[in-house]
Amino acid sequence: MRVVILSALLLLLNRDWVKAESTTSSNRTNNKLPNIIIILADDMGFDDVSFRGGREFLTPNIDALAYHGRILDRLYAPAMCTPSRGALLSGKYPIHTGTQHFVISNEEPWALSLNATLMPEIFREAGYSTNLIGKWHLGFAKPEYTPTHRGFDYHYGYWGGYIDYYQRRAQMPVDNYTMGYDFRRNMQLECSERGVYVTDLLTNEAERLITEQPSKQKPLFLMLGHLAPHTANTDDPLQAPEEELRKFAHIKNPNRRKYAGMVSRLDQSVGRIISALARSEQLKNSIIIFYSDNGGPSVGLFANTGSNFPLKGQKNTPWEGGVRVAGAIWSPLLEARGNVFTQPIYVGDFLPTLAHAVGIDLPQSLKLDGIDLWPQLAGAKDAVHVPREILHNLDDVWRVSSLMLGQWKYVNGTTSAGQYDSLLMYRELDDLDPRASRYVVEVRNSPVSKALAPFDLQRLTQSRINNLSRAAKVRCGDFQRGCNALVEECLFDLSVDPCETNNLAYSKPHSDVLSALRERIHQLRAGAVAPGNRPSASYADPSLHKCTWDNFEVKPAGSVRLECDYHGLPCDA
């Protein structure tokens, strides 16, 4: 019987659902390829966008993008930085690129599989100018691992996992590694504008690219990978400009107050990017996506106080709080602008989806795990859902597997001995943003709303904003039977239990479903490649490379260790 159930589930997932008709020139403005802009937050909590209903601090620009466009209500991503970015750019599950186990730490000599053809390579071949501003985090031990060797024409930012917000230096949280500078323009160290807050620095550069783009006679592919609101180094993890902190004096928790300031500046960055596109008259032919790479780490390693309420878990867990992320999309090409997109979508879907949007035919040889959802995204609001399989995690090192198949979710094993397997943050009801009482006015007066309003199909009224925010609210089912994934299998029906509170693994009517998902995990495991992780290399230490994080597999290490801190060498060398 379980074979029959599995076959039925997989039949629902047949790719014939999403075979797309060719994109015609009538879908484009003046027959030009649309610009693609992806704005990526780092470690932002699921509930830390105010369009979900929270009012502790507001995100009026991000909210406006969501209200004028489409809220990506069930957007899923791998639960950590490296596998998440790898899935976005490759269109593949981490088990097919060797990134399924943890992240690439700066001192480790490995990278996202070089066998994967990445999104920027594909779009560059189609005539795009491909640009990465900000974070890479997919390997840099060798030059061929870095962005400008993987399809990006231009990179301005950092290669590793994080940096200080002002000094652009990083120290890995492992023993005996020193502080290293990590900021480049293409392959060269970039040291101008010292002391500028990095969210502003990256936004400045993105604005410059957008402003200059029309003269290049090429469509723009821009990925803006923000540091915010990821933590910096452990000695000063949460950093926000003083003027931002003053806005949030009502937040009693000092760390949460800093986090709010970091998110606020990120929100302003979104406003500046959309405004730059509007000033240069490029909005009319652009597709803009905003999302977070994974759930927020409320506590523990790299904790930033991000809230994933009401979902349990956080970054680096198999639960919804780790893999269901905040996101929105806007484009004049979307027929159902001003609506919630409830179709489950995976970050690996963006490659085939955007390829369809711009008329790129992808060869079957790419063997993507992502599927083309452009007909659903760009079509009517009541478009039929495509049943989805999404492999959240299959890590045989930590013995964790998590799979969504249709409405069902299977979890077996967990991370960090299960200490983050509960609801970790509650929504603040007392420390409310002073602007909360005029929320609708703040959204409609935001730079994003002013730029996008001329493209509206329906005026963004207070009633529409309230209805969209209510539609984006997650409603948990009643708690019935929990699950300890360290010692038992977990099965949830996400259609009625999005907060994973009722384990159906012991329910006889669901035994065939459980067996089918377990069997599907076995099938996926059989096609997995080995994790690419390699041990830390002592010769990677910045003290041996003029206090920089460099291509340590090919650059000779110095014979004398230097004293490296926040202020020595790099661009004085």
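Residues numbered from 1 in each chain as written. Predicted model: local features only at pLDDT ≥ 70, side-chain atom pairs only at ≥ 80, totals over all residues. Heavy atoms only, no water.

K.L.:
Can you tell me about the overall build of the chain, naming the residues and giving the values?
P.N.:
When its secondary structure is counted, the chain shows 14 helices and 19 strands. In terms of overall size, the chain behaves like a compact globule, its C-alpha atoms giving a radius of gyration of 23 Å where 573 residues would be expected to give roughly 25 Å. In terms of its C-alpha atoms, the chain occupies a principal-axis envelope of roughly 70 × 55 × 55 Å. Here the chain holds 573 residues, and 63% of them are scored as buried. For the chain, contacts bridging at least 24 residues in sequence account for 73% of all contacts bridging at least 6. Just so you have it, the chain exposes about 21300 Å², and 50% of that area is on carbon and sulfur atoms. (Helix = DSSP H or I, 4+ residues; strand = E, 2+ residues; numbered from the N terminus. Rg over C-alpha atoms; globule rule 2.2 N^0.38 Å. Buried < 20%, exposed > 50% of the residue type's maximum accessible area, 1.4 Å probe, protein only. Contact = heavy atoms within 4.5 Å. Areas by Shrake-Rupley, 256 points an atom, 1.4 Å probe, with all protein chains shown as cover.)

K.L.:
Describe the confidence of the model for the chain, and please don't skip the residues or the numbers.
P.N.:
In this model, the chain carries a mean pLDDT of 94, and residues with pLDDT of at least 70 account for 94%. Low pLDDT (under 50) marks residues 15–30, which in the prediction has 32 contacts with non-local residues, meaning those over four places away or in another chain. (pLDDT = per-residue confidence, 0-100.)

K.L.:
Which residues make up the environment of Phe290, and what values do they have?
P.N.:
Relative to the assigned elements, Phe290 resides in strand β11 (residues 286–292). Note on Phe290: relative accessible area 0%, which makes it buried. Distance from Phe290 to Ile37, taken between C-alpha atoms, is 8.5 Å for residues 253 residues apart in sequence. The contact partners of Phe290, leaving out residues within four places of it in the chain, are Ile39, Ala41, Met44, Ile62, Leu65, Leu266, Val270, Ala326, Gly327 and Ala328.

K.L.:
An account of helix α5 (residues 198–212) is needed here, citing residue identities and associated values.
P.N.:
Counted at 1.5 Å a residue, the expected span for α5 with its 15 residues is 21 Å, and the 21 Å between its end C-alpha atoms agrees. Among the residues of α5, those classed as buried are Val198, Thr199, Asp200, Leu201, Leu202, Thr203, Glu205, Ala206, Glu207, Leu209 and Ile210. In this fold, the buried residues of α5 make contact with β4 (129–135), β5 (154–158), β8 (184–185), β10 (220–225) and α7 (254–279). (Expected span 1.5 Å × (residues − 1).)

K.L.:
I'd love a proper account of empty space enclosed by the protein, names of residues and values included.
P.N.:
Counted under the stated rule, the structure contains 3 cavities of 30 Å³ or more. In this model, the largest cavity occupies a volume close to 170 Å³. Ala79, Pro83, Gln100, His392 and Asn393 are, among the 19 residues lining the largest cavity, the residues nearest its centre. Tallying contributions element by element places strand β16 (residues 389–395) first for the lining of the largest cavity, with 5 residues. Here the second largest cavity is characterised by a volume of approximately 90 Å³. Taken together, 13 residues make up the lining of the second largest cavity; nearest its centre are Asp47, Asp48, Gly54, Glu56 and Arg256. (1 Å grid on protein atoms, 1.4 Å probe; cavity = no way out; pocket = protein on both sides within 12 Å on 5 of 7 lines; lining within 4 Å. Points joined across faces, edges and corners; volume = space filled by probe spheres on them.)

K.L.:
Pulling in residues and values, what's your account of the sheet that holds strand β18 (residues 408–412)?
P.N.:
On the basis of which strands lie adjacent, the open sheet formed by 4 strands has the order β16-β17-β18-β19 and antiparallel pairing. Of all the strands in the sheet, just β16 and β19 (489–493) have a single pairing partner and so form its edges. Taken over all neighbouring pairs, the strand axes of this sheet differ in orientation by 10° on average, direction set aside. Taken together, the 5 bridges between strand β17 (residues 400–405) and β18 define a ladder with antiparallel strand orientation. (Pairing = 2+ DSSP bridges. Axes fitted to C-alpha atoms, helices over the stretch in contact; angles between N-to-C directions.)

K.L.:
Outline the pattern of salt bridges, listing residues and values.
P.N.:
Per the stated rule, a full pass over the model turns up 32 salt bridges. The salt bridge involving Arg518 is made with Glu489; its shortest N-O contact spans 2.7 Å. Here the residue Arg518 occupies a position in helix α14 (residues 511–526), and Glu489 occupies one in strand β19, the gap between them amounting to 29 residues. Residue Arg518 is classed as partly exposed on the basis of its relative accessible area, which comes to 24%. What emerges from the salt-bridge pattern is a single network uniting Arg185, Glu190, Glu205, Arg208 and Glu212. (Salt bridge = Lys/Arg side-chain N within 4 Å of Asp/Glu carboxyl O.)

K.L.:
Mind laying out the sheet that holds strand β15 (residues 345–346), listing which residues take part and the relevant values?
P.N.:
The strand order β12-β3-β15 describes an open sheet built from 3 strands, whose pairing is mixed. Both outer strands of the open sheet, β12 (324–325) and β15, are each paired with one neighbouring strand and no more. Two elements, strand β3 (residues 75–76) and β12, share 2 bridges in a ladder whose sense is antiparallel. Looking at the pairing, Leu75 lines up with Val325 of β12.

K.L.:
Explain the UniProt feature "domain: Sulfatase N-terminal" (unreviewed entry) in the chain to me, and be specific about the residues and the numbers.
P.N.:
Sites flagged by UniProt as "domain: Sulfatase N-terminal" (unreviewed entry) map to residues 34–360. Here residues 34–360 is 26% helix and 17% strand, with 12 Å between the C-alpha atoms at its ends. (UniProt positions renumbered as here; feature names shortened; annotations may be inferred.)

K.L.:
Which residues make up α7, and what values go with them?
P.N.:
Between its terminal C-alpha atoms α7 stretches 37 Å, which fits the 38 Å expected from 26 residues at 1.5 Å a residue. Among the residues of α7, the N-terminal cap falls to Asn253, whose side-chain oxygen and the backbone nitrogen of Asn255 are separated by 2.9 Å. Phi turns positive, to about 55°, at Glu281, one or two residues after α7. (Polar contact = N/O pair within 3.5 Å; in protein donor to acceptor, adjacent residues only side chain to side chain.)

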